[in-house]
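# Residue-level structural notes
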Amino acid sequence: MPDIHQFNHHAMATYFEVRITGQEQTYAAQAAQAALDLLDRLESQLSRFRPNSAIAQLGGLAPGEKICLNEPAFACLEIAKKMELATRNAFSITAAALQTQSCLPQWSLLHGESSIRCESGRLEFDLGAIGKGFALDRMAALLRNWDCPAFLLVAGGSSILAGDAPEDAAGWSCGLGDDDATQRISLSHASLSGSGLAVKGSHILDPHTGQPALQQNRTWALADTAAESDALSTACMVLSEPEIKEVLTQDQSWLIFIESDGAAQPMGSRALPLQA
Amino acid sequence: MVDPLLNRREFIATTAVAGAGLLLEACKSDSGKKPAATKSSLNTINFALVGYGEEGKVLLESLLNIEGVRLVALCDIWEYHRNEGARYLQKLGNEVRVYENYEDLLAKEKDLQAVVIATPDFCHAPMTNTCLKAGLHVYCEKSMSNTIDGARSMVHAMRETGKLLQIGHQRRSNPRYLFTLNRLLHEAQFCGRITAAQAQWNRAVKEDFGWPKKYEMPAGMLAKYGYRDMHQFRNWRWFKGLGGGPLSDLGSHQIDIFNWWLGVTPKSVIASGGLDYYKNHDWPDNAMVIYEYPLAQGVARAFYQVQTTTSSGGGYFETFMGGDGTIKMSEDPSLCAIYREARATAVSWDDLAGKGYVRARAASAADAAKVDVRETAQLAEYEIPVFFNKPPHQPHLENFFNAIRGTAKLNCPGDEAFSSEYTIHKANEAVAAETRIAITAEEVKA
C-alpha cells in the first residue's frame, strides 16, 4: 500500500480530512494546508453563522431587493438552484424557512451582475447540505492544480470526493453505512454523499411540508461533483422511489442507493463502481 | 435605520450598522449597469491592487463590495497569483489589466487615483513612496515597513506630496470599536481609571505556505525581487529583512489598539520571546511583551502575547481593565464582552442601557405569565449593542475612498500609524535585547 498522508481540520461545524497519496510528505502537507486554507475562506463566505458572510446578509432582503454576491457564494447558489429544479424542490436551501414562514421564499440569480434578488418571503438560507460538497469540489480543483491528483477528501463523514485512485488500487474503499461497512465500493473521480436518520435523527426537513423527512432511512448519492451528491442524497430522503427514478432520468451521471432490508440498493443508469 | 447613537465619524466609517436597510444600501448591486464613465473621477475612483497574496485576496472581497470605485489593474510578481486574481475577477465580469511590476503599472496606467498595496512589508515603503510621488493616494497594509526608517519615509512622502496615506489597521474604522471607544470608554467612563490592558493573538501550529511546483518562480526572478528562494517568498512574514515576525504581523493590530484607546504611546517596553518551535524562520515564533503607558491618572501596564504554536486562550482580542469595569474587544463579535465591578455604582447598567450604550442579552421570557423556579439565577448580562455585517476590512477601505472624495477624514493616516509602528518595532528590539527599553513621546513621531 502506498503512503497516504492524512490531514485533519475543523470547519463548517464538522471535521474535514484531506488524504493525499503519490507525493512526498512535505509537499502533500503544504498542498493540504492550501486546500484547508481555502476551506476556511469558503466557510467565512458561505456560513449563515458568520454575520459578515454574504449568505448571512440575505435575510435582510425585502422582496424586490437584490444584493451582490462574491464569486463562491454565487457559484454555490447556482448549483443549489439547479439542484432545486432537478429535484422539484425536494432539495431546498430554504427548507428551514417553513418553520417561520408559510411557504418557501423565492429567489432569483441575476447572471451578469453576480446578484441575488429576493422575489418573495424572507431568504433564510442554509447551505449545510450543499456547502460542504461545494467546498470539497473547490479543494479538489486546488489539489489538481498542485499536481496532487490522487486524493480523497472527507467532509464530516457524510460526503467524500475521490480523485485518482491510490497506486495499485482500483479506487478508494468507501463503505456504505456505519464504520467498517461490509458493502463497499471503489471510488475514483466521483463523489459519494450519505444522508439518514441514524446519526442526527430526523434533522432533514421536507421542503414541501416543513416536516421532518421520513421517506427513507438512509440514502447515498454518487455524482461527479460533491455539491451535487450532497444535494441529491438530501433530496432523496424526502422522495419516494418513483420520484427518485424520475429525478434520475435527468442526469445519467447520478446514482442513488437507498437502504432497503439492511442493504443499499442502487438506482439509476450510471455504472456501478467496482466493489472494494 | 442608522443607530442614532452613532456619531458622524462612526457612521461614515461604517455605513452599515444595526439596520438591514442601511446594510443593503451599502452592499446592493448597481442594477447591473457598469458605470458609464471610464475616466476616474470622484464618482468612480479608479484604483489598482498591488499584491494578490493572502491579504490581497481578503482586501479584494471588501473592495468588490464598495460602490463608486473601480479596480482597473492588478499587480503581483508571481504569475500564479496574478492569473488567479485575473481569472477570479473575470468570472465576476471585471476585466483588469495585470502587471508583474508595479513600476510598469504606474508607467502604463494613466487614469488612476489610488493604489491599494498588500505586498510584503519590505516593499511597502518603496512602493508607497513611488505611488505617492506619482500623485496617487495610497492604502497600504500594515505593517508600514520592516524598518522604522522605511515607515518614517512614508510619512515624509505623504506630507511632501499632500496625498492621502491610509495604513491598514482596519479596526480603526470598525463601528463596534469606534462606538465602544467613544461611548463606553470615553463618555461613560465605563472602566473608570484604567490600570491594565491585555491583548493576544494565539494561532495553532500551521504548515508553512507552499506552492505548486509547476509555478515555482525562477531563482533569478526571486533574487530580482529580494527573495532567497520560494520558501522565503511564500513565508516572508517570518524572515528578517522582509517582514517583522508575529509581533508585527499579528501584534501590530492590537498594539495599535493599545495606543489608540489609551490615547498615548508607552514610555517603556520589556519583552521576552524566542524562536523555539519553527526551525526554518528568522523571527521569534512567540513573544510576551509588557508596555508601560503614562496615563493622566497613573501608569497602566499593557501585556501582549502572540503565540504561533497554540490557539489556546480564546483567539485574538484586546482587553482594557479599570477600577470600575473591563471591556474586551475583538474583531470577532462573539469574543467581545463587558464586565462591571461591584463597586461601580455611579452609573448603573440601567442608565447605560437607557442611553443605548449597552444592551441586555436576550432573556428567554417568552411568556410573562409563567415563572420557573430553579437554581439561583445569574446576574443579567450585557453586551455592546453594535453589530455590522460587512467584511472586517470594508469600512476602513470605504473610509479611504471617502477621504479621497473629501467626505471623510482618514481613520488611520500614516503619521498616526507611525506611532504604533514605532512602538511595535521597539517590542521586537526588546525581545532581541532582553532588556527594558525606554520610549520617549518625541521619538514616536515621524
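This part takes up the interface of chain B and chain A. Each partner contributes to the interface: chain B provides 26 residues, whereas chain A provides 26 residues. Mapped onto the side of chain B that touches chain A, the elements with two or more residues apiece are helix H2 (20-27) and helix H4 (79-91) of chain B. Broken down by element, the residue count for the side of chain B that touches chain A peaks at 4 residues, all from H2 of chain B. Here the residues of the side of chain B that touches chain A are counted per class, giving 12 nonpolar, 6 polar and 8 charged.

Think of interface size as the accessible area that goes away when the parts come together; that is how it is often given. Residues and elements named next belong to chain A. In terms of domains, chain A is made up of domain 1 (4-39 + 138-267) and domain 2 (54-120). Averaged C-alpha coordinates put domain 1 and domain 2 at centres separated by 24 Å. Contacts between the two partners involve 13 residues from domain 1 and, on the opposite side, 14 residues from domain 2. Among the elements that line the side of domain 1 that touches domain 2, the one with the most residues is helix H5 (residues 226-236), at 5 residues.

For the rest of this paragraph, the subject is the sheet that holds strand E2 (residues 14-21) of chain A. All names here are of chain A. Spatially, E1-E2-E6-E7-E10-E11-E12-E13 is the arrangement adopted by the 8 strands of the open sheet, whose pairing is antiparallel. Two strands bound the open sheet, and with one partner strand each, they are strand E1 (4-11) and strand E13 (263-267). Neighbour to neighbour, the strand axes of the sheet diverge by 15° on average, direction disregarded. Pairing of E2 with strand E6 (residues 151-155) involves 5 bridges; the strand directions are antiparallel. Looking at E6, one finds that Glu 17 is bridged to Val 154. Helix H4 (residues 128-145) contacts E6, strand E7 (159-162) and strand E10 (190-196) of the sheet and is inclined by roughly 155° relative to E6. Along the sheet, H5 makes contact with E7, E10, strand E11 (218-223) and strand E12 (255-260), crossing E11 at roughly 155°.

With that settled, the discussion passes to the sheet that holds strand E5 (residues 115-120) of chain A. All names here are of chain A. Taken in spatial order, the 3 strands line up as E3-E5-E4 in an open sheet, and their pairing is antiparallel. Pairing within the sheet leaves two strands with one partner each, and these edge strands are strand E3 (66-68) and strand E4 (106-110). Geometrically, the sheet is characterised by an average inter-axis angle of 20° between neighbouring strands, direction not taken into account.

Residues and elements named next belong to chain A. It is the contact of helix H1 (residues 25-46) with helix H3 (residues 71-86), at a shortest axis distance of 9 Å, that shows an interaxial angle of 75°. Taken together, the axis directions place H1 and H3 in an arrangement best described as roughly perpendicular. Residue-level contacts link Leu 42, Gln 45 and Leu 46 of H1 to Pro 72, Ala 73 and Cys 76 of H3. Residue composition of the contact of H1 with H3, by class: 5 nonpolar, 1 polar and no charged.

A few words now on the environment of Ser 47 of chain A. Residue and element names in this part refer to chain A. Structurally, Ser 47 can be placed in the loop between H1 and helix H2 (54-57). Take Ser 47: there are 20 C-beta atoms within 10 Å of it, and that puts it in the buried class. Along the sequence, Ser 47 and Ser 159 sit 112 residues apart, while their C-alpha atoms lie 18 Å from each other. For Ser 47, the residues in contact, after removing those within four places along its chain, are Met 12, Ser 53 and Ile 55.

Let us now look at the nonpolar core. Counting residues in each nonpolar core, the largest one holds 87 residues, and the members touching the most others are Ile 130, Leu 153 and Ile 256 of chain A. At 9 residues, the largest contribution of residues to this core is made by H1 of chain A. Residue contributions to this core reach at least three from each of two domains, namely domain 1 (4-39 + 138-267) and domain 2 (54-120) of chain A. Once residues lying within four places of it in the same chain are set aside, the contact partners of Ile 130 of chain A are Cys 76, Ile 79, Ala 80, Met 83, Ile 93, Ala 227, Asp 230 and Ala 231 of chain A. Counting residues in each nonpolar core, the second largest holds 63 residues, with Leu 60, Phe 122, Ala 125 and Leu 397 of chain B among its members.

Rules behind the numbers
- Every chain is numbered independently, its residues counted from 1 as its sequence is written.
- To read the labels, note that chains go from A and ligands from 1, taken in the order they are written.
- This being a predicted model, a pLDDT of at least 70 is required before a residue's local features are given, and a value of 80 or more before pairs of side-chain atoms are given or counted; all residues contribute to the totals for chains, interfaces and linings.
- Contact definition: two residues whose C-beta atoms, as placed from backbone geometry, lie within 7 Å.
- Strands here mean DSSP runs of E at least two residues long; helices mean DSSP runs of H or I at least four residues long; both are numbered from the N terminus.
- Ten residue types, Ala, Val, Leu, Ile, Met, Phe, Trp, Tyr, Cys and Pro, are classed as nonpolar, four, Asp, Glu, Lys and Arg, as charged, and the remainder, Gly among them, as polar.
- Where each domain begins and ends is defined by an automated method or by a domain database.
- Between any two strands, pairing holds if DSSP finds at least two bridges.
- For helices, the fitted axis covers only the stretch in contact; all axes are lines through C-alpha atoms, and the angles between them, taken along N-to-C directions, range from 0 to 180 degrees.
- Every angle not falling under 35 degrees, over 145, or within 65 to 115 is termed oblique; those three ranges are roughly parallel, roughly antiparallel and roughly perpendicular.
- We call a residue exposed when 12 or fewer other C-beta atoms sit within 10 Å of its C-beta, buried when the count reaches 20 or more, and partly exposed for counts in between; the C-beta positions come from the backbone.
- Here a nonpolar core is just a set of buried residues of the types Ala, Val, Leu, Ile, Met, Phe, Trp, Tyr and Cys, joined wherever their C-beta atoms sit within 7 Å.

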